[in-house]
Amino acid sequence: MRTSNHLIGLLNFFTFLASIPILGGGIWLSSRANNTDCLKFLQWPLIVIGISIMVVSLAGFAGACYRNTFLMYLYLWAMFFIIAALIGFIIFAYAVTDKGSGRPVMNRVYLEYYLQDYSGWLEERVTSQSYWMKISSCIRDSHACGKTRRIYNGIPESADIYYLRKLSSIESGCCKPPTECGYVYQNETVWIPGGGLVGADPDCVRWSNDQEQLCYNCNSCKAGVLASLKKSWRKVSVINIVILIILVIMYMVAIAAFRHNKRIDNDEPYGETRMEKAQPSRIHF
């Protein structure tokens, strides 16, 4: 009995440790949101799941140490719903980020992003007027575009060098006009119309050399934000899958240890079972 309790307590300690990367992933998304995307609704599911696992693990640890059956039942049921929620979040994260990626541009190293490549819940959420006003304002306040400027001996970086840079999706979509518009590079955030006709892309007329405007109202900027979110969510989802596998394994071991505890409490020899009720419940740990 003592060994089983120690095993459950040890498992809950590891479960508590497993919640740290999940919570850390939510905090990382939060920091990314504050610096670039500013979509604070995205990190909350992870933060809630991480905190829930921490609290439930502590309940299971206390139940094992003090042999509190109620806390153990609470732990097993709560952990079941947490695992189900984590599975749901992983499926949701992959479902809303399954479309869209950057397109290569001739004679450019950086990629460019187009809103029509994205669709679904996340695209609708980002492009809605109420959210986009907050997102674009936050990108502007973070000075993400200003940070792209490079000056050597008082001279801005040349166009040839700029074209060889690997820009982030935010920098490519929000800080410069689309290449097809035909604008001529002056520096990273100042472009002037070329001698030919302006491209048909609506973003061509949305671009402004006003440093407070740039391409923050462009569809390419929205697409860049979506690309950034996709990258962030996929990274966190990989961590969540690993954590999910660990949680499922520990949960199955915890159920086995809990059943072993009950057999000992009922004075049942190992490997035998005894009917405690004439009509046992269907769901039985």
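Definitions and limits used
- Residues numbered from 1 in each chain as written.
- Predicted model: local features only at pLDDT ≥ 70, side-chain atom pairs only at ≥ 80, totals over all residues.
- Heavy atoms only, no water.
- Salt bridge = Lys/Arg side-chain N within 4 Å of Asp/Glu carboxyl O.
- Helix = DSSP H or I, 4+ residues; strand = E, 2+ residues; numbered from the N terminus.
- Buried < 20%, exposed > 50% of the residue type's maximum accessible area, 1.4 Å probe, protein only.
- Phe/Tyr/Trp six-rings, centres within 6.5 Å; stacked < 30°, edge-to-face > 60°.
- Lys NZ or Arg CZ within 6 Å of the ring centre and 35° of its normal.
- UniProt positions renumbered as here; feature names shortened; annotations may be inferred.
- Core = buried A, V, L, I, M, F, W, Y, C linked by side-chain atoms within 4.5 Å.
- Contact = heavy atoms within 4.5 Å.

Colleague: Would you mind showing me how to read the pattern of salt bridges here?
Modeller: It is possible for side chains of opposite charge to pair when their charged atoms get near one another. Following the criterion strictly, the structure yields six salt bridges and no others. The shortest N-O distance in the salt bridge between Arg165 and Glu188 comes to 3.5 Å. One end of the pair, Arg165, is in the loop between helix H6 (159-162) and helix H7 (169-174); the other, Glu188, is in the loop between strand E5 (184-187) and strand E6 (190-192), with 23 residues separating them in the sequence. Summarising the burial analysis for this pair, Arg165 and Glu188 share the class buried. Where Arg206 meets Asp203, a salt bridge forms, and the shortest distance between an N and an O atom there is 2.7 Å. With Arg206 and Asp203 both in helix H8 (residues 203-206) and three residues apart, this pair spans about one turn of that helix.

Colleague: Honestly, the packing of aromatic side chains in this entry has me stumped. Any pointers?
Modeller: For any pair of aromatic rings, geometry is given as the distance between the ring centres together with the angle between the planes. Using the criterion set out here, one finds twelve aromatic pairs in the structure. Ring centres 5.1 Å apart and planes at 65° place the aromatic pair Phe92 and Trp121 in the edge-to-face group. One end of the pair, Phe92, is in helix H3 (residues 69-96); the other, Trp121, is in helix H4 (residues 121-127), and 29 residues separate them in sequence. Ring plane angle 65° and centroid distance 6.4 Å describe the contact between Tyr163 and Tyr185, whose orientation is recorded as edge-to-face. One end of the pair, Tyr163, is in the loop between H6 and H7; the other, Tyr185, is in strand E5, and 22 residues separate them in sequence. Given the relative accessible area of 15%, Tyr163 is considered buried. Through a chain of ring-to-ring contacts, three or more aromatic side chains come together here, namely Tyr110, Tyr162, Tyr163, Tyr185 and Trp191. Across from the ring centre of Tyr163, 3.6 Å away, lies the NZ or CZ of Arg108, which sits over that ring. Positioned above the aromatic ring of Tyr131, the side-chain terminus of Lys134 is 5.8 Å from the ring centre.

Colleague: What should I look at first to understand unusual backbone geometry in this one?
Modeller: Although it is not a glycine, His143 adopts a positive phi angle of roughly 55°. With respect to the secondary-structure elements, His143 resides in the loop between helix H5 (129-141) and strand E3 (151-152). According to the relative accessible area criterion, His143 is exposed, its value standing at 53%. At Asn153, a residue that is not glycine, the phi angle is positive and equals roughly 55°.

Colleague: Is there a simple way to think about the UniProt feature "transmembrane region" (unreviewed entry) in the chain in this case?
Modeller: Sequence positions flagged by UniProt for "transmembrane region" (unreviewed entry) are, in local numbering, residues 6-29, 41-62, 74-96 and 238-258. Structurally, residues 74-96 is divided into 100% helix and 0% strand, and its ends, taken at the C-alpha atoms, are 33 Å apart.

Colleague: Explanation requested: the nonpolar core in the structure shown.
Modeller: Burial of nonpolar side chains together is a common tendency in soluble globular proteins. If you look at the biggest cluster of nonpolar residues, it comprises 36 residues, and the most contacted ones within it are Val126, Ile139, Tyr162, Cys174, Trp191, Tyr216 and Val225. Put simply, the parts of the chain that give this core at least two residues each are H3, H4, H5, H7 and helix H9 (219-265). The biggest single contributor to this core is H9, with seven residues. Look past the residues within four positions of Cys174 in its chain and what remains in contact with it is Ile139, Cys145, Trp207, Leu214, Cys215, Tyr216 and Cys221. Counting 21 residues, the second largest nonpolar core, distinct from the first, contains Leu76, Ile82, Ile83 and Ala254.

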